[in-house]
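Given next are the chains, with one letter for each unit.
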Amino acid sequence: PEVTGFLLVLGAGLSTGAGSAFVFSNKLISLASRPFLAGSLGFSAGVMLYVSFAEILQKGVASFGTVSEKYGLVYATLSFFLGVIFMVVCDKVVHRLESASYQRGGEAKVIMGEGKDGCCEVKPAAVDEWVSRAKDDLASRSQHGSETETLFCGKSNTIGLRSRNTPTKDQPDEEVAIEEASIKVATSPDKEIESSSTTNERALVRMGLATALSIAIHNFPEGLATYVATVDDPAVGLTLAVAIAIHNVPEGLCVSIPIYYATGERKRAFLWGLLSGVTEPIGALFGWAVLSNSMSEVAYGIMFSAVAGMMVIITMKELIPTAHRYDSKDKVVTNSFIAGMFVMALSLCLFVV
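This structure is a prediction, so every number in the text was calculated from the model and none was measured.

> Outline helix 12 (residues 333-352), supporting the account with residue identities and numerical values.
The end-to-end C-alpha separation of helix 12 is 29 Å, in line with the 28 Å expected for 20 residues at 1.5 Å each. Residues of helix 12 that are buried include every one of Val 333, Ser 336, Phe 337, Gly 340, Met 344, Ala 345, Ser 347 and Leu 348, and no others. On the buried face of helix 12, the contacting elements are helix 3 (34-65), helix 8 (234-263) and helix 11 (297-325).

Below you can see the structure in the form of structure tokens.
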């Protein structure tokens, strides 16, 4: 079970990289719409909330019950809220770091949110914007039959397109020169854009990295929860890992796409998104260290109950608010949330039968 737990956690963490990989394809970016983000986050929230109360917390109560049948529920409840408090403190630390970034962010506030609760700080309008720009770029590529690169440029945040094709007879050198001069695109980190847009780019990068840090901190208890659940019941751990992987995809793209549009560097944006998921295996290592050194029922009780508290606060304070931010009319969030709970409940019932 320990090896299986590590593999599941690793897979869930790498799914952040899967979301970050959206930057390598404008077709994928065009699919990263608000309904997609809201639906995936809502589904994961349903799975995580249901399994936290119906399975993980109950494991904690049962473990404490073997030590003290009378006060098992009391000890589990205290441990549950210790997990909640831990995540609240972590959240405060993250918001302090983000506030410092926002104060230096300047015009990047157009793209990123301003300290709102949520696991993805990109504003809904910015999501619509990147989908629209990706579709425009695809249309331009289809029209010109050439590979293009996109980039936020200047205060107007217009997309620049540079054709890699050489001039043809129908397009004199003078027209190409005028076109490239008016676009002002940087295709490598060594070339500089105008000073005004350079400032905005740096601010956008800081914002993207702040989001990556926020996600990384919140991924730690998710890795811990997946590992602990798998050690006790691989079936539950598998379902939980899938749910976490589903919402890690939009988290990864929320890190990578703003950084890509700020710098024009796909690999750099992908790397930062991938790194934000590294803390999940670290959470698993922490769980392994605790449980391997102390296999007592008290240790299991504390771990299960605290993890349940962490998962609940992440769901209520991060996943659900973010899902509703991208779906203010609630067209998909509630339905996907119920679907997530149903899938988790069905999986638990099937494994019992």
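> An account of the nonpolar core is needed here, citing residue identities and associated values.
Membership of the largest hydrophobic core comes to 67 residues, with the highest contact counts inside it found for Trp 130, Leu 240 and Leu 253. Here this core takes 13 residues from helix 11, the largest share from any one element.

> Can you break down the packing of aromatic side chains residue by residue, with the values?
Remark: the centre distance and the inter-plane angle together describe each pair of aromatic rings, the angle taken between the planes. The final tally for this structure, using the stated rule, is nine aromatic pairs. Seen in terms of ring centroids, Phe 6 and Tyr 227 are 5.1 Å apart; in terms of plane orientation they differ by 45 degrees. Their pairing is tilted. One end of the pair, Phe 6, is in helix 1 (residues 2-20); the other, Tyr 227, is in helix 7 (residues 195-232), with 221 residues separating them in the sequence. On the basis of an interplanar angle of 55 degrees and a centroid distance of 5.8 Å, the ring pair of Phe 220 and Phe 286 is categorised as tilted. You can see Phe 220 sitting in helix 7 and its partner Phe 286 sitting in helix 10 (residues 279-293), a full 66 residues away along the chain. Relative accessible area serves as the criterion here: at 41%, Phe 286 is assigned to the partly exposed category. An aromatic cluster of at least three residues, connected via ring pairs, comprises Phe 53, Phe 80 and Phe 81.

> So, the packing of helix 3 against helix 8: which residues are in play, and what are the values?
Look at helix 3 against helix 8: their axes get within 9 Å of each other, and the N-to-C directions meet at 150 degrees. Taken together, the axes of helix 3 and helix 8 lie roughly antiparallel to each other. The hand of the helix 3/helix 8 crossing is left-handed. Facing Phe 36, Leu 37, Ser 40, Leu 41, Phe 43, Ser 44, Val 47, Met 48, Val 51, Glu 55 and Ile 56 of helix 3, the residues of helix 8 in contact are Val 236, Thr 239, Leu 240, Ala 243, Ile 244, Ile 246, His 247, Val 249, Pro 250 and Leu 253.

> So, empty space enclosed by the protein: which residues are in play, and what are the values?
A water-sized probe rolled over the atoms picks out the places where empty space is left. Under the criterion given, the structure shown has two cavities of 30 Å³ or more. Taken as a whole, the largest cavity encloses approximately 50 Å³ of empty space. If you go around the largest cavity, the residues you meet are Met 87, Val 88, Asp 91, His 218, Ile 313, Ile 314, Lys 317 and Glu 318. Of all the secondary structure elements, the ones that give two or more residues to the lining of the largest cavity are helix 4 (72-105) and helix 11. Here the lining of the largest cavity takes four residues from helix 11, the largest share from any one element.

Definitions and limits used
- Residues numbered from 1 in each chain as written.
- Predicted model: local features only at pLDDT ≥ 70, side-chain atom pairs only at ≥ 80, totals over all residues.
- Heavy atoms only, no water.
- Helix = DSSP H or I, 4+ residues; strand = E, 2+ residues; numbered from the N terminus.
- Expected span 1.5 Å × (residues − 1).
- Buried < 20%, exposed > 50% of the residue type's maximum accessible area, 1.4 Å probe, protein only.
- Contact = heavy atoms within 4.5 Å.
- Core = buried A, V, L, I, M, F, W, Y, C linked by side-chain atoms within 4.5 Å.
- Phe/Tyr/Trp six-rings, centres within 6.5 Å; stacked < 30°, edge-to-face > 60°.
- Axes fitted to C-alpha atoms, helices over the stretch in contact; angles between N-to-C directions.
- Parallel < 35°, antiparallel > 145°, perpendicular 65-115°, else oblique.
- Left-handed = near helix turned anticlockwise from the far one by under 90°.
- 1 Å grid on protein atoms, 1.4 Å probe; cavity = no way out; pocket = protein on both sides within 12 Å on 5 of 7 lines; lining within 4 Å.
- Points joined across faces, edges and corners; volume = space filled by probe spheres on them.

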